[in-house]
Amino acid sequence: MNPNPGSTNRSTTSKLALAAALALSAAPAAAPAAVSGLAWDSVTKMSIGADPSSLQPGSFDADYAAAASGSPSSGGGGLFGHMVPGGIMALMQNGMAERHYIAGSKERTDQPAMGTATILDCGSRTLTTLDLKKKTYRVVSLDQPNSSPAPSKGGNGDGSFKGDDTKIAIVITNQSLGSREIDDQPTNGYRSQMQFTMTKSSGESETHDGNLIAYYAGFGMPAVQCSPGMPSNLGRMNPGQRFGMIPGVASQVMRVLATAGLDKRFSVQQSGPSLPLGNFAMYQAISFDQRGRSMTLITERGNSRPIDAADSIFTIPSDFTKEQ
C-alpha cells in the first residue's frame, strides 16, 4: 500500500498508510515490496561509551535541525553532552543530516550542512554531483573508472566486499519492544543481541559481539538497481561511510543486514521474533566494541513521503553551470 502524501510541515494526521508488519523466517527471504517512490530525511550519529540499554528514539525534528545547521544538539536524542569543535568530531556530536529521494531508476542524496548533492541515474548510468552553493555540477559515467565510491581492500572502512570472498555470519537473538509511533509512523520495535563472525578465504576469522535496537515501519526500504539483482554501491552506503565516520565492523554489519538474502557471502540466523530486515527502519542503533571501547552508530529517519520518478528533484537546475 502506498503512503499518503505528506510534507515537511506535516501534522499528525498526515501519515503514510502502512502495510501490516512483516515477519521474516530465520532463512533470508525476499524483502517486502517498496513503494514506487519514497523521499525521507535522515540523521546519522556516532557515540562512544553509550549504554545500549538506554538507547531510544528522540525528537527527529530537533536532531535533524541540529545536524543540518551544524549547531550543538538540543539533546533530542539524549546521547551527546557537549560540542567538540570542528571536523569529524563535530559530525559525531550533531550527526550527519541527509535528504533522500528514490524513485524508478533514480536516487538523489543531499547533504544540507555541506551544500552538496548527488543524483544517481541507473537508466543513463550517470552520477551527477551538485554544488548547491556555487550552483555548479559535474557528470561522470558509471562505466568510467573511479566514477563511484571505490571499495576498500579486505572489506574494511566502507563495508564493500567487491573482489573479496570474505564471509560474514550474524547470529541474532531478538526481543520484541512492541509498537510505537515514530515521526507520525506506526512501527514495531526490537532489541537484539548479535554475534557476527567474519571469515576470510584463508580460514582466518574474527568474532564480535554487538547490540541492535531498531523500529521498523511496515513498508519496504527502496533501492535503485544499477546492475542486475544488486542495489548500487552508492545506494547501499550510509552517510557516515561516505565521509569516513564509520569503523569497518559497523559498516560490515549494516551491509549484511541491508542485503540479507541478496549476497551469498552474508548469512543471518535469528531466534525469537524475526526482524523484518527488508523494511524501512525509522530508528536503528548498532552498538559494538571497537578496540576496547563501546561504539554506537545511530540512524534516525523522518518526514517520509511518496515521490514520483518524474519529479524535478532528479534533474539539474536550469541555473546551474557545468564545471570546467
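Owing to the predicted nature of the structure, the values given are computational and were not obtained by experimental measurement.

**Digging into the overall build of the protein**
The secondary structure content of the protein amounts to 5 helices and 15 strands. Out of the 324 residues belonging to the protein, those deemed buried represent 49%. The long-range fraction of contacts in the protein, counting pairs at least 24 apart against all pairs at least 6 apart in sequence, stands at 65%. Within the structure as shown, the protein displays about 14,700 Å² of accessible surface, and the carbon and sulfur contribution to it stands at 51%.

**What to know about the packing of aromatic side chains**
Enumeration according to the criterion identifies 5 aromatic pairs in this entry. Aromatic ring contacts, followed pair by pair, group Trp-40, Phe-219 and Phe-280 into a single cluster. For Arg-180, the ring lying beneath its charged end belongs to Tyr-215, and the centroid distance is 5.6 Å. The aromatic ring of Phe-280 is capped on one face by Arg-301, whose charged end is 5.3 Å from the ring centroid.

**Looking at the pairing of strand 2 (residues 96-103)**
For strand 2, the tally of buried residues reaches 7 of 8 residues, placing the bulk of the element in the interior. With 5 bridges joining them, strand 2 and strand 3 (residues 106-111) adopt antiparallel strand pairing. Bridge assignment links His-100 to a residue of strand 3, and that residue is Thr-109.

**Focus: the confidence of the model for the protein**
Mean pLDDT for the protein: 73, with 65% of residues reaching 70 or above. Contacts from residues 1-35, a stretch scored under 50 in pLDDT, to residues over four places away or in other chains number 74 contacts. Here residues 72-86 is modelled with pLDDT under 50, and outside its nearest four sequence neighbours on either side it reaches 31 contacts, counting other chains as well.

**Comments concerning the side chain of Arg-108**
On the secondary structure map, Arg-108 appears in strand 3. A polar contact is formed between the side chain of Arg-108 and the backbone oxygen of Ile-313, at a distance of 2.9 Å. With sequence-adjacent residues up to four places away left out, Arg-108 is seen in contact with Arg-99, His-100, Tyr-101, Ala-117, Thr-118, Ile-119, Leu-130, Leu-132, Ile-313, Phe-314 and Thr-315.

**Some thoughts on the environment of Val-253**
Tracing the backbone shows Val-253 in helix 5 (residues 248-258). Looking at Val-253, the relative accessible area reads 2%, which means it is buried. Val-253 sits 84 residues away from Ala-169 along the chain, and the two C-alpha atoms are 9.4 Å apart. With residues near it in sequence (within four places) discarded, Val-253 still touches Ile-170, Met-194, Phe-196 and Ile-286.

**Examining the pattern of salt bridges**
Inspection of the entire model under this criterion finds 6 salt bridges. Note that Glu-300 and Lys-45 form a salt bridge whose closest N and O atoms lie 3.7 Å from each other. With Glu-300 in strand 14 (residues 293-306) and Lys-45 in strand 1 (residues 37-48), this residue pair connects regions lying 255 residues apart in the sequence. Considered together, Glu-300 and Lys-45 belong to a single accessibility category, that of buried residues. Its salt-bridge partner being Asp-110, residue Arg-108 comes within 2.6 Å of it at the nearest N-O pair. This pair shows no difference in class: Arg-108 is buried, exactly as Asp-110 is. Each of Lys-45, Asp-63 and Glu-300 takes part in one network of salt bridges that share partners.

**Observations concerning unusual backbone geometry**
The phi angle at Arg-125 is positive, at roughly 55°, despite the residue not being glycine. Residue position: Arg-125 is located in the loop between strand 4 (116-121) and strand 5 (126-131). Using a relative accessible area of 27% as the deciding quantity, one classes Arg-125 as partly exposed. Even without being a glycine, Asn-303 presents a positive backbone phi close to 55°. Tracing the backbone shows Asn-303 in strand 14. With relative accessibility at 3%, the residue Asn-303 sits in the buried group.

**Quick notes on the side chain of Ser-304**
Its location among the elements puts Ser-304 in strand 14. Side chain to side chain, Ser-304 and Gln-185 meet in a polar contact 3.4 Å long.

**A short note on helix 1 (residues 60-69)**
Of the residues making up helix 1, those classed as buried are Phe-60, Asp-63, Tyr-64, Ala-66 and Ala-67. Seen along its axis, helix 1 keeps its buried residues to an arc of 165°; they face one direction.

About the cut-offs
- Residues numbered from 1 in each chain as written.
- Predicted model: local features only at pLDDT ≥ 70, side-chain atom pairs only at ≥ 80, totals over all residues.
- Heavy atoms only, no water.
- Helix = DSSP H or I, 4+ residues; strand = E, 2+ residues; numbered from the N terminus.
- Buried < 20%, exposed > 50% of the residue type's maximum accessible area, 1.4 Å probe, protein only.
- Contact = heavy atoms within 4.5 Å.
- Areas by Shrake-Rupley, 256 points an atom, 1.4 Å probe, with all protein chains shown as cover.
- Phe/Tyr/Trp six-rings, centres within 6.5 Å; stacked < 30°, edge-to-face > 60°.
- Lys NZ or Arg CZ within 6 Å of the ring centre and 35° of its normal.
- Pairing = 2+ DSSP bridges.
- pLDDT = per-residue confidence, 0-100.
- Polar contact = N/O pair within 3.5 Å; in protein donor to acceptor, adjacent residues only side chain to side chain.
- Salt bridge = Lys/Arg side-chain N within 4 Å of Asp/Glu carboxyl O.
- Arc of directions from axis to C-beta.

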